Amino acid sequence: MAKYIFVTGGVTSSLGKGIIAASLAKLLQARGLKVTIQKFDPYINVDPGTLNPYEHGECFVTEDGAETDLDLGHYERFLNINTSQANNVTTGRIYQTVINREREGDYLGKTVQVVPHITDEIKRRMLLLGQKDEYDIVITEIGGTVGDIESLPFIEAVRQLQWELPEEDCLIMHLTLVPYLKAAKELKTKPTQQSVKLMSANGVHPDIIVCRTEHPLNDEIKRKIALFCNVKTEAVIESADASTIYEVPILMLREKLDLIVLKKLNITQFAEADLTKWKQFLDKVRHPAKKVTIGLIGKYIELQDAYKSILESFIHAGSVNDCKVYVVNVHSENITAENVDEKLNGLDGLLVAPGFGFRGIEGKIIAVKFAREKKLPFFGICLGMQMAAIEFARNVLNISDANSTEMEADTPNPVIDMMQEQKEISMKGGTMRLGSYPCSIKERTLAFEIYKTNQIFERHRHRWEFNNKYLAEFENAGMIASGVNDQTGLVEIMEINSHPFFIGVQFHPELKSTVENPHPIFVHFIKAAKTYSAKDYPETIVSENIASQLS
Ligand code: GLN
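These numbers were taken from a predicted model, which means no experiment stands behind them. (Residues numbered from 1 in each chain as written. Predicted model: local features only at pLDDT ≥ 70, side-chain atom pairs only at ≥ 80, totals over all residues. Heavy atoms only, no water.)

Caption draft 1: Broad picture of the site of the ligand. Near the ligand you find P354, G355, F356, C382, L383, Q386, E406, R461, H462, R463, W464 and H508, and these make up its full shell. G355 places a polar main-chain atom, nitrogen or oxygen, 2.9 Å from an oxygen atom of the ligand. At 3.2 Å, a side-chain N or O of H508 approaches a nitrogen atom of the ligand. If the ligand stood free it would expose 300 Å²; the protein chains cover 99% of that surface. A molecule is said to occupy a pocket when more than half its atoms come within 2 Å of that pocket's grid points, and by this definition the ligand occupies the largest cavity. Broken down by secondary-structure element, the contributors of at least two residues to the shell around the ligand are α15 (383-395) and β19 (455-462). Counted by class, the shell around the ligand contains 5 nonpolar, 4 polar and 3 charged residues. (Near = heavy atom within 4 Å. Polar contact = N/O pair within 3.5 Å; in protein donor to acceptor, adjacent residues only side chain to side chain. Areas by Shrake-Rupley, 256 points an atom, 1.4 Å probe, with all protein chains shown as cover. 1 Å grid on protein atoms, 1.4 Å probe; cavity = no way out; pocket = protein on both sides within 12 Å on 5 of 7 lines; lining within 4 Å. Sits in = over half its atoms within 2 Å of the grid points. Helix = DSSP H or I, 4+ residues; strand = E, 2+ residues; numbered from the N terminus. Nonpolar A, V, L, I, M, F, W, Y, C, P; charged D, E, K, R; others polar.)

Okay, here's the thing in structure tokens:
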């Protein structure tokens with residue numbers, strides 16, 4: 001039987017609950033325990049796949065094709081494990097299950113209610129992963145903030161489990177904010193007290209309180225929180241601002257968070273925390289020998305969370321290459337043929353981001369052309385690969401009206417077209433080509449040099465694909481399909497062999513990069529950018545746009 005840890009949040013959102021949960025998981029894993037994490041989100045969408053990235057940040061995709069909250073990305077990157085459909089549950093999914101059951105007649109004669117039917121379904125899913133005999137500990141992060149109307153059923157489910165599970169199999173950790181009032185020169189504990197009171201009013205009592213703070217908590221503050229919130233002083237944990245999220249496990253180790261958890265859960269068999277690899281990684285992140293500057297061309301750049309996994313993959317790849325990766329965000333809508341030289345000058349590599357819809361695509365195509373012609377390292381992901389194909393068709397093959405049917409339904413030259421199996425689908429939720437698919441890699445290609453194997457598995461999230469009718473023409477002109485799905489013939493990787501580093505992938509490699517396993521394409525891309533930046537380009541003047549983002 002697994003033991004369960006529930007992580008709730010109070011006072012405000014954006015405290016970094018996912019990072020704290022992942023850090024605790026990392027420490028327990030480093031002590032030899034088998035750990036997984038899941039996230040329960042109180043919104044009504046069945047999954048975040050139908051949400052605009054501006055609403056909820058990036059949509060993460062698991063091996064088994066679940067579209068999930070971006071916190072699952074943190075869990076995978078920290079723990080180096082795969083999560084699955086079962087690791088992300090929303091209110092929508094809970095209700096969908098209960099309503100389907102009601103229609104099937106499972107509750108015949110009964111009034112179906114939030115308590116017990118909805119809470120029973122929440123509890124069933126909370127315990128699910130722990131019943132597989134695969135894990136010693138299952139950590140459940142509850143999305144939202146205590147006090148929100150929509151998180152009430154989840155808090156109620158935790159309340160019930162607190163009594164139903166043996167005491168030593170259940171732990172509740174509450175994350176709050178301890179703000180610093182500059183005028184009073186004081187840290188304030190009242191919001192924490194009130195948030196814990198709110199929890200108590202719902203019948204849930206935290207065992208551990210983690211306090212997010214910009215200033216160190218002294219013993220007196222910790223004692224005060226312990227006194228008012230009914231926990232031991234040692235269970236009041238300081239979570240100070242960190243220079244990188246990857247430092248948080250080390251900070252939590254220093255606060256002995258893992259030891260307090262092990263004590264409450266009565267786990268007596270555990271090893272010394274082995275964080276050697278993690279610390280080596282962190283050391284390189286903190287003290288890089290070199291730097292490279294990469295342009296991230298996207299249309300959601302106002303919100304950093306929209307490209308979370310890409311940004312984290314750069315950190316992993318930077319560490320392997322012993323260099324700091326400065327990411328300069330360039331809004332694709334602002335790139336024109338007239339200003340591209342000025343906008344992109346001074347970069348060591350260009351990544352064209354994934355995306356949906358026509359907004360900003362012409363700017364992406366112009367950026368691809370710039371990278372192709374200037375022999376700047378280029379990496380296109382999903383829509384980025386599709387834009388690279390359109391650029392090549394228009395400017396090398398002289399098919400000036402080449403386009404994707406996503407952007408122009410009746411284009412005469414659909415170089416990118418909707419996948420056959422997608423054409424009959426009208427439902428939008430969870431219906432893209434999702435999750436892990438195999439891809440065969442051709443030898444003597446850049447892709448083979450990167451992966452060093454013929455067979456890979458990568459995760460997908462798309463409806464459109466390269467149109468194989470044009471493949472021979474592309475390959476004759478030097479843009480080849482170096483990775484293909486053997487069963488369907490879908491082109492998964494394209495590259496230009498006369499370019500030092502030009503690769504586009506239909507899948508999302510950023511979803512598989514972890515601290516312990518940085519993704520090889522990102523690693524090679526940064527390596528190519530390093531080589532590029534080492535060259536003597538006296539004419540390279542960093543544009544104002546880039547300089548302002550670097551300062
Ligand atoms: N919109 C494109 C498609 O659906 C690309 C998707 C993506 O970049 N994830 O094929």
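Caption draft 2: Looking closely at the packing of helix α5 (residues 114-128) against helix α6 (residues 152-164). Contact geometry of α5 with α6 gives a least axis separation of 9 Å together with a crossing angle of 70°. Judged on the interaxial angle alone, α6 and α5 are roughly perpendicular. Remark: the crossing between α5 and α6 carries right-handed chirality. Seen from α5, the contacting residues are V114, V115, I118, T119, D120, I122, K123, M126 and L127; seen from α6, they are P153, F154, E156, A157, V158, Q160, L161 and E164. Split into classes, the residues belonging to the contact of α5 with α6 amount to 11 nonpolar, 2 polar and 4 charged. (Axes fitted to C-alpha atoms, helices over the stretch in contact; angles between N-to-C directions. Parallel < 35°, antiparallel > 145°, perpendicular 65-115°, else oblique. Left-handed = near helix turned anticlockwise from the far one by under 90°. Contact = heavy atoms within 4.5 Å.)

Everything listed is a geometric property; what it means functionally is a separate question.
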